[in-house]
Amino acid sequence: MSQQNIAILPGDGIGPEVTAEARRVLEWFVARRGLELVLEEHPYGAGAYRMLGQVLPKATENAIRAAHAILLGAVGGTDADAIPRAARSAGGLPHVRRTLELYANLRPIVTIPALYAASSLKNRVLEGVNFIIVRELIGGIYFGKPRGIETLADGQRRGFNTQTYTTSEIRRIARFAFELARSRRRQVCSVDKANVMEAGMLWREEVQALRDAEFADIELRHIYVDNCAMQLVRAPAQFDVIVTDNIFGDILSDCAAMAAGSLGMLPSASLGPIAQNGRRAALYEPVHGSAPDIAGRGIANPLGAILSVAMMLRLSLGRTELADLLERAVSAALTEGARTADICEPGKPAVSCSQMGNAILRELDRLG
């Protein structure tokens, strides 16, 4: 394999802590499995703004454009609230997603028996859960216009956002979901709110039309978002591939995190279209936020970031066997009892962020 550049953006809050452990895992694969990677860290987020006056410095933007893959820790938090809105908009994560055209966000939900006790759901509900949420990432209400806050004639203030999707945006993400389903159990559940939203009606019609025209081998069902939220905690094992819009995917994936035991367990990948050179822009990050309340205390769960590395190995680096190895190492470390505070049972000892990283590296040494 030719040398590949990985841009690491530690970001804010607990981001530097969890990406440090994910980097150690990447370095293990470089040293032990001969991966030819160049790992370079770049400032991004509130810390970058404090140092350089920009949320996304030009050098960082150039680096992520050139990278084979990006590993992000987390951005946002109380420090970011003090940054002028214009500066946040110019360099925030929505801007990065739009700039790199990262339209497909993948959030896998897989239960690990060793973590059943960390979930609020019953063991019988958790058995066999293995699905993936495919979220449209650069459209919908987070990007729609008009948007803003205005003062009305009677002195009241009104906030407004616009939910909007086009045929091409819907069909692009639906096609991704159908093609993904062909490598899994060939089942897609499309989530919308077609009973009250015109954008949801269009979503349902276009997803169905694409399935009928090109993916007759895939089983498709439609479900309203409120029912989907209920089903995710009632019977999550029923799902294979869930495809939905930006805001619903954002909310549902956090809800689904309880099947995995904690938001700290969830990885994600955000992918762009395949370019003429065969590459696609890709950003990998744990689903959790910057968690400023625990930043610097060494207690964050790095497994979402480490499992994001597994997704990178599989989707960007083409090393499925190494991704499988890393996922086995995570499962083994948990089976041996390693627990950060968010997944630890009451009264039992928790390990630190770096100690969890140590546990994963020990399992890689043993398994590899």
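Described below are features of the structure shown in this document. Numbers given to residues run from 1 along each chain, matching the order in which its sequence is written. For this predicted model, a pLDDT threshold of at least 70 governs which residues receive local features, and a threshold of 80 or more governs which side-chain atom pairs are given and counted, while totals over whole chains, interfaces and linings are taken from all residues. In computing side-chain values, all of the structure's heavy atoms are included and hydrogens and water are not.

## Looking at the overall build of the chain
Step number 1: Secondary structure counts use DSSP, requiring at least four H or I residues in a row for a helix and at least two E residues in a row for a strand, with both numbered from the N terminus. Along the chain, the regular secondary structure elements total 14 helices and 12 strands.
Step number 2: For the chain, whose C-alpha radius of gyration is 20 Å, the value lies close to the compact-globule estimate of 21 Å for 368 residues.
Step number 3: Projected onto the principal axes, the alpha-carbon positions of the chain cover approximately 60 × 50 × 50 Å.
Step number 4: When a residue's accessible area, from a 1.4 Å probe over protein chains only, is under 20% of the maximum for its type it is buried; when over 50% it is exposed; and in between it is partly exposed. Among the 368 residues that make up the chain, the fraction classed as buried is 51%.
Step number 5: Any two residues whose heavy atoms approach within 4.5 Å at even a single point are treated as in contact. Considering only intrachain contacts with a sequence separation of at least 6, the fraction spanning at least 24 residues in the chain is 74%.
Step number 6: Of the accessible surface of the chain, which amounts to about 16,000 Å², a share of 50% is contributed by carbon and sulfur atoms.
Step number 7: In the chain, 41 positive and 40 negative side-chain charges are present, and the distance between their average locations comes to 1 Å. Within these notes, the globule rule equals 2.2 Å times the number of residues to the 0.38 power, and the radius of gyration is based on C-alpha atoms. To be clear on the numbers: accessible area is Shrake-Rupley with a 1.4 Å probe, and residue cover counts the displayed protein chains and nothing else. His is not counted, nor are the chain ends, whereas Lys and Arg count as positive and Asp and Glu as negative. Taken as the charge centre is NZ of Lys, CZ of Arg, CG of Asp or CD of Glu, depending on the residue.

## Things to note about the nonpolar core
Step number 1: Side-chain atoms within 4.5 Å link the members of a nonpolar core, which is a set of buried Ala, Val, Leu, Ile, Met, Phe, Trp, Tyr and Cys residues. Core analysis: the largest hydrophobic core is formed by 100 residues, its most contacted members being Phe29, Leu326, Ile360 and Leu364.
Step number 2: The element best represented in this core is helix H12 (residues 303-315), accounting for 9 residues.
Step number 3: Residues within four places of isoleucine 360 in sequence aside, it is in contact with Val25, Leu303, Ile306, Leu326, Ala329, Val330 and Ala333.
Step number 4: Residues Ala46, Leu72, Ile83 and Leu283 belong to the second largest nonpolar core, which totals 17 residues.

## Structural notes on the packing of aromatic side chains
Step number 1: In this analysis, rings of Phe, Tyr and Trp, with Trp reduced to its six-membered ring, are considered paired at centre separations within 6.5 Å, and the interplanar angle assigns stacked below 30 degrees, edge-to-face beyond 60, and tilted for intermediate values. Across all of its chains, the model carries 5 aromatic pairs by this definition.
Step number 2: Centre to centre, the rings of tyrosine 165 and tryptophan 203 are 5.4 Å apart; their planes meet at 70°, and the pair counts as edge-to-face. Within this pair, whereas tyrosine 165 is found in the loop between strand S7 (157-160) and helix H8 (167-181), its partner tryptophan 203 is found in helix H9 (residues 198-214), the two being separated by 38 residues in sequence.
Step number 3: On the basis of relative accessible area, tyrosine 165 is assigned to the buried category, the value being 7%.
Step number 4: Its relative accessible area of 2% is what places tryptophan 203 among the buried residues.
Step number 5: Counting as a charge over the ring demands two things of the Lys NZ or Arg CZ atom: a distance within 6 Å of the ring centre and an angle within 35 degrees of the ring normal. Across from the ring centre of tyrosine 103, 4.1 Å away, lies the NZ or CZ of arginine 172, which sits over that ring.

## Digging into the environment of alanine 256
Step number 1: For alanine 256, the location among the structural elements is in helix H11 (residues 246-260).
Step number 2: Under the relative-accessibility criterion, alanine 256 is labelled buried at 2%.
Step number 3: Each C-alpha atom, one on alanine 256 and one on leucine 266, is 9.6 Å from the other, the two residues being 10 residues apart in sequence.
Step number 4: If we skip the residues at most four places from it in the chain, alanine 256 touches Ile109, Phe131, Ile133 and Leu232.

## Examining the sheet that holds strand S4 (residues 104-110)
Step number 1: On the basis of which strands lie adjacent, the open sheet formed by 10 strands has the order S2-S1-S3-S12-S11-S4-S5-S10-S8-S9 and mixed pairing. Each edge of the open sheet is held by one strand with a lone partner, namely strand S2 (37-41) and strand S9 (219-224). Pairs of neighbouring strands in the sheet enclose a mean axial angle of 20°, with direction left out of account.
Step number 2: The pairing of strand S11 (residues 269-271) with strand S12 (residues 282-284) spans 3 bridges and is antiparallel. Note that in S12 the partner of alanine 269 across the bridge is tyrosine 284.
Step number 3: All axes are obtained by fitting lines to C-alpha atoms, using only the stretch in contact for helices, and the reported angles, taken between N-to-C directions, cover 0 to 180 degrees. Relative to the sheet, helix H1 (residues 15-33) contacts strand S1 (4-11), S2 and strand S3 (69-74), its axis offset from that of S1 by approximately 160°.
Step number 4: Most of the contacts of H8 go to strand S5 (residues 130-136), to which it runs at about 160°, and overall it touches S4, S5, strand S8 (187-192), S9, strand S10 (241-244) and S11. Note on pairing: two strands pair once DSSP finds at least 2 bridges between them.

## Re the pattern of salt bridges
Step number 1: Counted as salt bridges are all cases of a side-chain nitrogen of Lys or Arg within 4 Å of a carboxyl oxygen of Asp or Glu. Inspection of the entire model under this criterion finds 23 salt bridges.
Step number 2: We note a salt bridge from arginine 314 to aspartate 324, for which the minimum N-O separation is 2.7 Å. You can see arginine 314 sitting in helix H12 and its partner aspartate 324 sitting in helix H13 (residues 320-335), a full 10 residues away along the chain.
Step number 3: Aspartate 324 sits in the partly exposed class, given a relative accessible area of 32%.
Step number 4: A salt bridge links glutamate 321 to arginine 319, with the shortest nitrogen-to-oxygen separation between them at 2.6 Å.
Step number 5: Shared partners join several salt bridges into a network, and the residues in it are Arg23, Glu27 and Glu41.

## Overview of the packing of H13 against helix H14 (residues 353-367)
Step number 1: The N-to-C vectors of H13 and H14 enclose an angle of 120°; their axes lie 8 Å apart at closest approach. Regarding the angle of H13 to H14, the classification is oblique. Crossing geometry of H13 relative to H14 is assigned as right-handed. Here H13 contributes Leu325, Leu326, Arg328, Ala329, Val330, Ala332, Ala333 and Leu334 to the contact with H14, which in turn contributes Met356, Ala359, Ile360, Glu363, Leu364, Arg366 and Leu367.
Step number 2: When the residues that make up the contact of H13 with H14 are grouped by side-chain class, the tally is 12 nonpolar, no polar and 3 charged. These descriptions rest on fixed angle ranges, namely under 35 degrees for roughly parallel, over 145 for roughly antiparallel, 65 to 115 for roughly perpendicular, and the rest for oblique. By convention the crossing between two helices is left-handed if the near helix lies anticlockwise of the far one by an angle smaller than a right angle, and right-handed if it lies clockwise. Lys, Arg, Asp and Glu make up the charged group, whereas Ala, Val, Leu, Ile, Met, Phe, Trp, Tyr, Cys and Pro make up the nonpolar group; the residues left over, Gly among them, are polar.

## Considering the pairing of S2
In summary, the side chains of a regular strand alternate between the two faces of the sheet.
Step number 1: With 5 bridges joining them, S1 and S2 adopt parallel strand pairing. Each bridged residue has a counterpart across the sheet, and for asparagine 5 the counterpart in S2 is valine 38.
Step number 2: A crossover gets the label right-handed when its path from the first strand over the helix to the second runs clockwise, viewed with the strands pointing away from the viewer. In this region the chain leaves S1, passes through H1 and returns to the parallel neighbour S2; the handedness of that crossover is right-handed.

## Observations concerning the packing of H8 against H9
Step number 1: Running from amino to carboxyl end, H8 crosses H9 at an angle of 50°, the nearest separation of the two axes being 9 Å. On the basis of their axis angle, the class for H8 and H9 is oblique. Every pair of crossing elements has a handedness; the one defined by H8 and H9 is right-handed. Side by side, H8 and H9 meet where Thr167, Ile170, Arg171, Ile173, Ala174, Arg175 and Phe178 of the first sit next to Leu202, Trp203, Glu206, Val207, Ala209, Leu210, Arg211 and Glu214 of the second.

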